Amino acid sequence: MIDFEKEFNEFITNSNSNDPISSIHSLFPSLSDNQIQIYSQIEYMANKYNSTPIKAFLSTYVRYKKANKNMTFFNSMSFRKTLESYSLAEHLKGVKIASQNMQSEEK
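Residues numbered from 1 in each chain as written. Predicted model: local features only at pLDDT ≥ 70, side-chain atom pairs only at ≥ 80, totals over all residues. Heavy atoms only, no water.

1. Regarding the overall build of the protein chain
Which entries qualify depends on this criterion: Starting at the N terminus, helices and strands are each numbered in turn, a helix being any DSSP run of H or I of at least four residues and a strand any DSSP run of E of at least two. Each residue gets one of three labels from its accessible area relative to the maximum for its type: buried under 20%, exposed over 50%, partly exposed in between, using a 1.4 Å probe on protein chains only. Here, two residues are considered to be in contact whenever any of their heavy atoms come within 4.5 Å of each other. Throughout, the Shrake-Rupley method with a 1.4 Å probe supplies accessible areas, and for residues the shown protein chains are the sole cover considered.
Tallying secondary structure elements over the protein chain gives 5 helices and 0 strands in all. Written out in order from the N terminus, the α and β elements of the protein chain read α-α-α-α-α. Counting every position in the protein chain, which comprises 107 residues, the buried fraction comes to 20%. Considering only contacts in the protein chain between residues 6 or more positions apart, those separated by 24 or more positions represent 69%. Surface summary for the protein chain: the accessible area is close to 8,400 Å², and the carbon and sulfur share equals 57%.

2. Some words on the packing of helix 3 (residues 33–48) against helix 4 (residues 52–67)
Short version of the rule: An axis is simply a line fitted to the C-alpha atoms; with a helix, the fit covers only the stretch in contact. Between two such axes, the angle follows the N-to-C directions and lies from 0 to 180 degrees. When an angle is under 35 degrees it counts as roughly parallel; over 145 it counts as roughly antiparallel; between 65 and 115 it counts as roughly perpendicular; any other value is oblique. Note on convention: near helix rotated counterclockwise from far helix by under a right angle means a left-handed crossing. Clockwise means right-handed. Each residue receives one of three labels: charged for Asp, Glu, Lys and Arg, nonpolar for Ala, Val, Leu, Ile, Met, Phe, Trp, Tyr, Cys and Pro, and polar for the others, Gly being one of them.
Here helix 3 crosses helix 4 at 155 degrees, and the two axes come no closer than 9 Å. Here helix 3 is positioned roughly antiparallel relative to helix 4, judged by the angle of their axes. Seen along the crossing, helix 3 lies across helix 4 with a hand that is left-handed. Between helix 3, through Q35, Y39, I42, E43, A46 and N47, and helix 4, the contact on the second element is made entirely by I54, K55, L58, Y61, V62 and K65. Its residues assigned to classes, the contact of helix 3 with helix 4 comprises 7 nonpolar, 2 polar and 3 charged.

3. Re the pattern of salt bridges
Test applied: Take a side-chain nitrogen of Lys or Arg and a carboxyl oxygen of Asp or Glu: if they are within 4 Å of each other, that pair is a salt bridge.
Counted according to the given criterion, the structure contains 1 salt bridge. Note that K81 and E84 form a salt bridge whose closest N and O atoms lie 3.8 Å from each other. Linking K81 with E84, this pair stays in helix 5 (residues 73–106), spanning 3 residues, or about one helical turn. The partly exposed category is assigned to E84, whose relative accessible area is 41%.

4. Some remarks on the confidence of the model for the protein chain
Note the following rule: One number per residue, pLDDT, summarises how confident the predictor is, and it ranges from 0 to 100.
Overall, the predicted model of the protein chain reaches an average pLDDT of 77, with 69% of residues at or above 70. Mean pLDDT values over the elements of the protein chain span from 66, in helix 1 (residues 4–13), up to 92, in helix 3.

5. Considerations on the packing of aromatic side chains
Quick reminder of the rule: Each aromatic pair joins two rings of Phe, Tyr and Trp (for Trp, the six-membered one) with centres within 6.5 Å, and gets the label stacked for planes under 30 degrees apart, edge-to-face for over 60, and tilted for any other angle. Criterion for a charge above a ring: Lys NZ or Arg CZ within 6 Å of the ring centre, and within 35 degrees of the ring normal.
Tallying each qualifying case throughout the model produces 1 aromatic pair. Between F57 and Y61, the ring centres sit 6.1 Å apart and the planes meet at 25 degrees, which makes this aromatic pair stacked. With F57 and Y61 both in helix 4 and 4 residues apart, this pair spans about one turn of that helix. Lying across the ring of Y64, R63 places its NZ or CZ 5.2 Å from the centre.

6. Some details on the environment of I54
Position of I54 relative to the elements: it lies in helix 4. The spacing of I54 and I42 is 12 residues in sequence and 8.0 Å in space, taken between C-alpha atoms. Leaving out residues up to four positions away in the same chain, I54 has contacts with I42 and A46.

7. Considering a nonpolar patch on the surface
Heads up, the rule is: Each patch is assembled from residues with relative accessible area greater than 30% and no salt bridge, linking like charges that lie within 9 Å and nonpolar side chains (Val, Leu, Ile, Met, Phe, Trp, Tyr) that lie within 5 Å.
Where nonpolar side chains cluster on the molecular surface, the patch consists of I38, I42 and I54 and spans about 230 Å² of accessible area. With respect to the secondary-structure elements, I42 resides in helix 3.

Laid out in structure tokens, this is it:
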């Protein structure tokens, strides 16, 4: 499972991304736990028997899953709340910088 608080805190502190919406979207998992289990089993078999076609299929599958995440109602609400949290964090960061500038000007 994903440690969402840890991921979000790292996202807020490492704000080197140009597109915050894409970065927030990438926080949400592409595969369910069952899909990860099946993917891992197929990947093991592909590696064991050195099957290049299956490896190619798996890489294509993961690429499509990452590009087309299933944003169900729950994920959609979580995405919106995460975006709101990010916006609030950015706002507070701006307020903090502005207050620090005002304090340095007063001295």
